[in-house]
Amino acid sequence: MQAWLSIDTWLISSISIAYLAMLFVVAQWGQNQAVKKVSQKPWVYSLSLGVCCTSWAFYGTVGQAATTGAWLAPIYIGSIICLVLAWPMLMRTLHIIKSQNLTSIADFIACRFDRSPKLAASIAIVSLLGTIPYIALQLRAISTSFDLLTGTFQSGISTAFIVTIVLIIFSVLFGARQLSASKHNHGLVLAIAFSSIVKLFALTAVGIFATFYLFDGFGDLLTQSQSLEQTTHSDSIYLVVSQVILGAITIYALPQQFHMMMIENNHDEELKSARWMVPLYLLLINIFVLPIALAGQLSFPGGSVGADSYVLTLPLFYQQAWLGILVYVGGLAAATAMVIVAAIVLSTMISTEILTPLLLRLPKFSSQQTPQLSGILLNLRRIAIAVILLFAFAFERFIDQQNHLASIGLLSFVLLSQFAPAAIGALYWRNATTQGAFVGLIMGSIVWLYTLLLPVTFPDAHWVKFGLFDITWLTPTALFGLTSLDNISHGVFYSLAANIGCFVIISLLKEQSVGEVLQADLFVNRKPVQPERHLSVDDLASLLNRFINKDEADALLVKAKQLNRKHQQQQLVDYTRLKLSGVLGSASTRMVMNAASRVQHVPLEDVVSIVDEANQIFEFNRELLQSGVENIEQGISVVDADMRLVAWNQRYIELLDYPNDFVKAGLHIEQLIRFNIDRGIIVGDEAHELVEKRLAHMRGGSPHHFQRTMLDGKVLEIRGQAMPGGGFVSTFADITAHIEAEKALQLANETLEKRVESRTQELEKAKAEAEAANSSKTRFLAAASHDLMQPFNALTLFTDMLKQRVKSTELQDLASHIEESLTVVESLLSDLVEISRLDSKSLTTEQSQFAIDDLLSTLVNEFNALSIQQDIDFKYQVSSCFVQSDQRLLRRIIQNFLSNAFHYSPSGKTNEQTTPQGKTTVFMPKVLLGVRRLEHSLLIQVWDNGPGSRLINNKPFLLSLNA
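Values in this document were obtained by computation on a predicted structure and should not be read as measured data.

Thresholds applied
Residues numbered from 1 in each chain as written. Predicted model: local features only at pLDDT ≥ 70, side-chain atom pairs only at ≥ 80, totals over all residues. Heavy atoms only, no water. Helix = DSSP H or I, 4+ residues; strand = E, 2+ residues; numbered from the N terminus. Buried < 20%, exposed > 50% of the residue type's maximum accessible area, 1.4 Å probe, protein only. Contact = heavy atoms within 4.5 Å. Areas by Shrake-Rupley, 256 points an atom, 1.4 Å probe, with all protein chains shown as cover. Patch = residues over 30% accessible without salt bridge, like charges linked within 9 Å, V, L, I, M, F, W, Y side chains within 5 Å. Salt bridge = Lys/Arg side-chain N within 4 Å of Asp/Glu carboxyl O. Polar contact = N/O pair within 3.5 Å; in protein donor to acceptor, adjacent residues only side chain to side chain. Expected span 1.5 Å × (residues − 1). Bend = angle between axes of the 7 residues up to and from the residue. Axes fitted to C-alpha atoms, helices over the stretch in contact; angles between N-to-C directions. Parallel < 35°, antiparallel > 145°, perpendicular 65-115°, else oblique. Left-handed = near helix turned anticlockwise from the far one by under 90°. Nonpolar A, V, L, I, M, F, W, Y, C, P; charged D, E, K, R; others polar. Pairing = 2+ DSSP bridges. Core = buried A, V, L, I, M, F, W, Y, C linked by side-chain atoms within 4.5 Å. pLDDT = per-residue confidence, 0-100. Arc of directions from axis to C-beta. Disulfide = S-S within 2.5 Å. Phe/Tyr/Trp six-rings, centres within 6.5 Å; stacked < 30°, edge-to-face > 60°. Lys NZ or Arg CZ within 6 Å of the ring centre and 35° of its normal.

**A short note on the overall build of the protein chain**
Tallying secondary structure elements over the protein chain gives 38 helices and 13 strands in all. Of all 963 residues assigned to the protein chain, the portion counted as buried reaches 49%. Across the protein chain, contacts joining residues at least 24 apart in sequence account for 73% of those joining residues at least 6 apart. Entry remark: accessible area of the protein chain is about 47200 Å², with carbon and sulfur atoms responsible for 60%.

**Notes on the environment of A432**
With respect to the helices and strands, the residue A432 is situated in the loop between helix 21 (419-428) and helix 22 (434-457). Sequence-wise, A432 and I506 are 74 residues apart; in three dimensions their C-alpha atoms are separated by 8.7 Å. A432 has contacts with R112, F113, G425, F503, S507 and Q512, leaving out every residue within four places of it along the chain.

**Quick notes on the environment of F728**
Positionally, F728 belongs in strand 5 (residues 728-734). Of the residues examined, F728 reaches a relative accessible area of 1% and is grouped as buried. In this view, F728 contacts S637, V638, V639, M698, G701, S702, P703, H704, G720, Q721, A722 and M723; residues no more than four positions away in its chain are not counted.

**Structural notes on a nonpolar patch on the surface**
The grouping of I208, F212, F218, L280, L284 and I287 at the surface amounts to a nonpolar patch, some 530 Å² of accessible area in total. Contributing elements (two or more residues each) for the nonpolar patch: helix 10 (186-213) and helix 14 (268-286). Within the secondary structure, L284 is located in helix 14.

**As for the side chain of S885**
Within the secondary structure, S885 sits in strand 8 (residues 882-886). When neighbours within four sequence positions are excluded, S885 is seen to be in contact with E846, Q847, S848, F850 and L890.

**Some points on the side chain of S879**
Position of S879 among the secondary structure elements: in the loop between strand 7 (873-876) and strand 8. Reaching out from S879, the side chain makes a polar contact with the backbone nitrogen of C881 at a distance of 3.3 Å. If we ignore the near neighbours within four places in the chain, the residues touching S879 are I852, D853 and V931.

**Looking at the environment of L137**
Mapping L137 onto the fold places it in helix 8 (residues 117-150). Separated by 255 residues in the primary sequence, L137 and A392 have C-alpha atoms spaced 8.5 Å apart.

**Overview of helix 4 (residues 55-68)**
In this model, helix 4 (14 residues) spans 19 Å end to end at C-alpha, consistent with the 20 Å of a helix rising 1.5 Å per residue. Of all the bends in helix 4, the greatest, near 35°, is centred on T61. A positive phi of about 80° marks G69, the residue just after helix 4.

**Focus on unusual backbone geometry**
Of note in the backbone geometry, D114 takes a positive phi value of approximately 60° without being a glycine. Along the chain, D114 falls in the loop between helix 7 (105-112) and helix 8.

**Some thoughts on the packing of helix 10 against helix 16 (residues 310-317)**
The interhelical angle for the contact between helix 10 and helix 16, taken along N-to-C directions, is 55°, at an axis separation of 10 Å. Here helix 10 is positioned oblique relative to helix 16, judged by the angle of their axes. Once helix 10 is placed against helix 16, the crossing between them reads as left-handed. Packed against helix 10, whose contacting residues are L203, V206, F209 and A210, the element helix 16 presents V311, L314 and P315 at the interface. Here the contact of helix 10 with helix 16 is built from residues that sort into 7 nonpolar, no polar and no charged.

**A few points about the sheet that holds strand 3 (residues 704-709)**
Two strands in a sheet stick together by hydrogen bonds in their backbones, pointing the same way (parallel) or opposite ways (antiparallel). With respect to topology, 5 strands assemble into an open sheet ordered 2-1-5-4-3, the strand pairing being antiparallel. Each edge of the sheet is formed by a strand with only one pairing partner; in this case those strands are strand 2 (645-648) and strand 3. Averaged over neighbouring strand pairs, the angle between their axes works out to 20° when direction is ignored. One ladder, built from 7 bridges, connects strand 4 (residues 715-722) with strand 5; its direction is antiparallel. What sits directly across from Q721, in strand 5, is V729.

**Notes on the pairing of strand 2**
Two strands pair when backbone bridges link them, and strand 1 (residues 635-639) and strand 2 are joined in this way by 3 bridges, in the antiparallel orientation. The residue bridging S637 from the neighbouring strand is W648, located in strand 2. Hairpin connection from strand 1 to strand 2: 5 residues lie between these consecutive antiparallel strands, with M643 at a positive phi of about 60°.

**Topic: the nonpolar core**
If you look at the biggest cluster of nonpolar residues, it comprises 170 residues, and the most contacted ones within it are F108, I109, I135, Y252 and I292. With 23 residues, helix 17 (residues 321-361) is the largest single contributor of residues to this core. Beyond its immediate sequence surroundings of up to four residues, I292 is in contact with V62, L203, V206, G207, A210, Y310, V311 and L314.

**A few points about the pattern of salt bridges**
Evaluated as defined, the whole model comprises 3 salt bridges. Where E654 meets R651, a salt bridge forms, and the shortest distance between an N and an O atom there is 3.6 Å. Here E654 and its partner R651 are both found in helix 31 (residues 650-656), 3 residues apart, which amounts to about one turn of the helix. Owing to a relative accessible area of 24%, R651 belongs among the partly exposed residues under this scheme.

**Focus on the packing of helix 6 (residues 87-100) against helix 21**
Packing of helix 6 against helix 21 brings their axes to within 11 Å, and their N-to-C directions diverge by 80°. Classified by the angle their axes make, helix 6 and helix 21 are roughly perpendicular. Contact with helix 6, carried on its side by P88, M89, R92, T93 and I96, involves I424, L427 and Y428 of helix 21 and no other residues of that element. Of the residues belonging to the contact of helix 6 with helix 21, the class tally is 6 nonpolar, 1 polar and 1 charged.

**Here we look at the confidence of the model for the protein chain**
Detailed reading of the predicted coordinates is not advisable wherever pLDDT is low. Summarising the model, the protein chain shows a mean pLDDT of 76, and 76% of its residues fall at 70 or more. Ranking the helices and strands of the protein chain by mean pLDDT puts helix 24 (residues 487-509) first, with 90, and helix 30 (residues 604-630) last, with 52. Under a pLDDT of 50 for its full length, residues 528-533 has, in the predicted model, 23 contacts with residues more than four places off or in other chains. Ignoring residues within four places in sequence, the model shows residues 949-955, a span with pLDDT below 50, making 6 contacts including any to other chains.

**Overview of helix 32 (residues 669-679)**
Note that an α-helix has 3.6 residues per turn; residues three or four places apart therefore point the same way. Among all positions in helix 32, only I669, L672, I673, N676 and I677 are buried. Here the buried residues of helix 32 occupy an arc of 140° about the axis, which is enough to place them on one side.

**A short note on the state of the cysteines**
Structurally, a disulfide amounts to a covalent bond that connects the sulfur atoms of two cysteines. Under the defined criterion, the tally for this structure stands at 0 disulfides. Among the cysteines around C52, which has no disulfide bond, C53 carries the closest sulfur, lying 4.1 Å off.

**Focus: the packing of aromatic side chains**
Centre distance and the angle of the planes are the two values used to describe a pair of aromatic rings. Throughout the structure, instances matching the rule amount to 25 aromatic pairs. A connected cluster of aromatic rings, assembled from ring pairs, spans F209, Y213, F300, Y310, F317 and Y318. Positioned above the aromatic ring of F113, the side-chain terminus of R112 is 4.8 Å from the ring centre. K118 extends its terminal NZ or CZ atom over the ring of F438, reaching a point 4.5 Å from the ring centre.

Structure follows, in C-alpha cells:
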C-alpha cells in the first residue's frame, strides 16, 4: 500500500495564481522600452522556442521512456535534425515572412498560392482541429497534477473547468492587447522564455533527486533496472521513424512553434543562435527523463502508479513537499506556456483568415463610411480565445481518460503535419498549384480523422473494430489490409500519402495561373514582386485608421512628410500593406487594398489575379448567358463581322425548322439564306437577288423588320439590329397566334360597324318619332291653354261684377275667395302657355334699357293695397338706376318674389307672445323691396320676416342684374 504526501489545496491554488501573476508581470516588464533590448537577445529567443516542451515533454516523455527505455524521445530527435540540417529552409521561410509581413503559417502557405482565402481558411480550421486535442492534453495535465498534489483525486469538471477559465483570462491578457498579429510581442517572448527556464529547472531538480538522492547515480539506476527489463519493451522501428518525422515537421509547422520561431523573430542572428541553442535545450531537458522513469519503476513496481505521473509522485511518495511544489510549478509552466501561445496563434488565424473576410463581405463593414474596425477585430480575437479553450475543455472531458498523454500529443502532431507538403512545396516546387495544396490538405485531414481521431474517440464502435460497412480493408486501424503498423505510424503513413499524392497529382494535371507563377518566383526563386497601388496618402491613412487605429494613420502622415517625393508613394504603399498584413493577413489585405484602389493602373501581379478572376467570371457568365438565352421564347442568332454564325439558341433552330447538326459555329449566313430559298420559304423571281441584298444590309448595319410565312403556316416576325464593332443579331418570334387574333379582330370590327350603322338608323327614327310626339303635345298645350284662358277671363270679370253688386259681408268674402282661386288658376294657365312656348322654342326675350324704378313702382302700387288689407308693413327703397333686361319677364319674377313674401307673412298684430318675464309682445310682419348697387351689377332684394324666411335662416330673395 503506497501513500504519499498531500499538500493543502488553497496553498497550491495560491501558488498557481501567483505563478501566473508572475508570468504576467514578466510579460508586462518585457514590454518596457528599457527591457526590450534584453528580450531581443538571441538566448531569450532560443528559450522562447522551448514552448515545444509542453506538459507532454514534462510528464509524457517520462511515461514514454518508462515504456520504451529510450532516454531521448524520437520526437525530439526529429526536431533536432530539422533545426540542424534543414537550416536553409528555415532561413528562407524567415526571409519571406519578414518581406511580406505574414502573420501565421496559414498566411504563409496562402501567400505562396496566390493568396488564396480558401486555402488560408482551411489551414486555420485544420490548425484549430489539430491543436484543440493538444490544448486538452495541457488542461488534463494541470488538473491531474493539481489533484494528485492536493490529494483530491477528483479529475472532475471542477478543477479542469477552473483551470480553463483562469487560462482564458491570462491568454486574453497576454495576447489580445494589441491588434497587429505580426507586431513583436516582446513581453510574451520573455514570459515564455521564463517559463522554459522554470520547467527546465524543475525537471532537472526532480531528476537530480531521483538519480542522486534516491539512488547512487546513473550507474546504480541502470544496475537496479536490470530486473525491470522483462516489463519494458521498445517501440517498433515504424513508430520511431514516424515520431522522428513528426518531430521534424512539428518543430517547423506546428502553429504555435511557427509563430514563436518566425513571427516573433527580430533578425537572422536570433535564428542562427537558436539553431544550436534549442537542440542544446532539448538535450538538457531530456537528460533526466530516463533516470526519472527508471526511478519511478523501481519505486512503484508492478505499474501501480501511472508512468506519466512519475515526475510528481516521486517527490510526494518520498515526502518532499518543496520538490513536489516545484515540480507542479514546472508542469504548470510547461502547460500554460503552450496553452497561452496556442490560444493566441489560433485566435489570430481564425480572426484574420475566417472572421475578417466574412466581416468584410457584409455591406455594413464593406462601406467606406464604416467606423473603425480595430475594436471589433480585437474583440473577435478575444472571443476566439475563449471559444478555443472551452472547446479544448469539452474535448478533454469527452476523450477516454485512460489515454496516455503521449498518445494525445501524437494525435495532434499527425494532423498538424498535414501542413508540411504544402509548406515545403511552396518553397521548392515551382509547379505547385493552389488546388493541389487545398485538396491535399483536405484529403490528408480526412484520412487522419478516419484512421486516428475516430478510433480514439469511439474505440468500441463496431465499424472501428470490423471496418466501415463490415468491409475488412476499410478498418480504420488496418486500412487496405496494412496490419503491421501501429496506430500512429498507420495514420502518419496514410494521411501524408493521401496528402502528398493529391498535392502532386493535381498540381501536375492542373495548369498554374499566372498569379501562382508570380508567387512561385517570390518563394522559389526569391524574386520579390512589389505590389503597387495608386492610392493617395489620404486613402492609405484611411485604411490604417479604419482597420488598426488612428495612431498608425498619424504615423503614416508623418512618414509621408519625411520621405523623398520621388519614391514616397511606393514606400507608403508598402508600409501600409505590411501594417495591414499584420492585422488582416495577406489574403484579406489584398482584398481590402484592391477594393480601395480607385484607378485602373495596377501592377502585373494584380492584373494577373484580375485576369484569372475575370476568366472565371467570364466562364460563369457565358454559361449563365447561354442558359438565359435558351430559356427565351424568341429565336436568336448572332453573326460576326464576317457574316459567320457565332451564337444561337435552340428556339432559333425550332422556328426555322433546320435539320439536326446543320447549324454550326462559323457557318456563313449566305448558306442559311440559300438553304431557305431551296426549301421554298423565300420565293419569287428575285429570290436569289435577295441574298446579296440581305448581306449588303447586314454588312452595312441596316436594321430590318419583316414577317415571313413558313411552309407549315407559321408566321415569323424577324427583326435585325447591328452590333457595335461589327456583326448582326437577329430575333425570330412566332406571331401566328397574333396574326390570327388580328384577323379575327378585323372581322369583328367590320361586323360591329354594320351593327352600329343599323342601330344608328333605328335611333334616328325613334328620335324623329319622339320629336313629332313632343311637337304635337306642345301644340295641344298651347291650344288648350289659349282656349281655357278665355272662359277664365270671363269668369274673373263676372266675379268682379258680383263683388261690386253684393252688399252682404259674407257674400263679399265668398266672392273674394272665388276671385283668388281664379287668379291662381289663371297663373297656372299662364305657366302652361309659357311651357308650350319653351317647347316650341317660340319664347323670345325683348331686352331694353329702362329705369328700374319704372318697373318697381308699378309693383309697389299693386302691393300697397294688399299690405293695407293684410296689415303688413311694406316699404320700398326708391332707386334711380337703369338696367338692360326684358321688362315683362323681370316684372313677373319680382312679382312672384313679392307674392311669396306676402303669402307667407301672417296678419299683423295678431300673434301675441309672452316672454318669461311676463311681458307681452306683438309680432308685426314686414316686407322690404330695394335695390343694392354692386361694381358692375344691381342686386334686387325682397326681405320679409315671415316664417318662410326663417326656414332659410332669414336670408332674402336675391336677383342680380347687369347695370
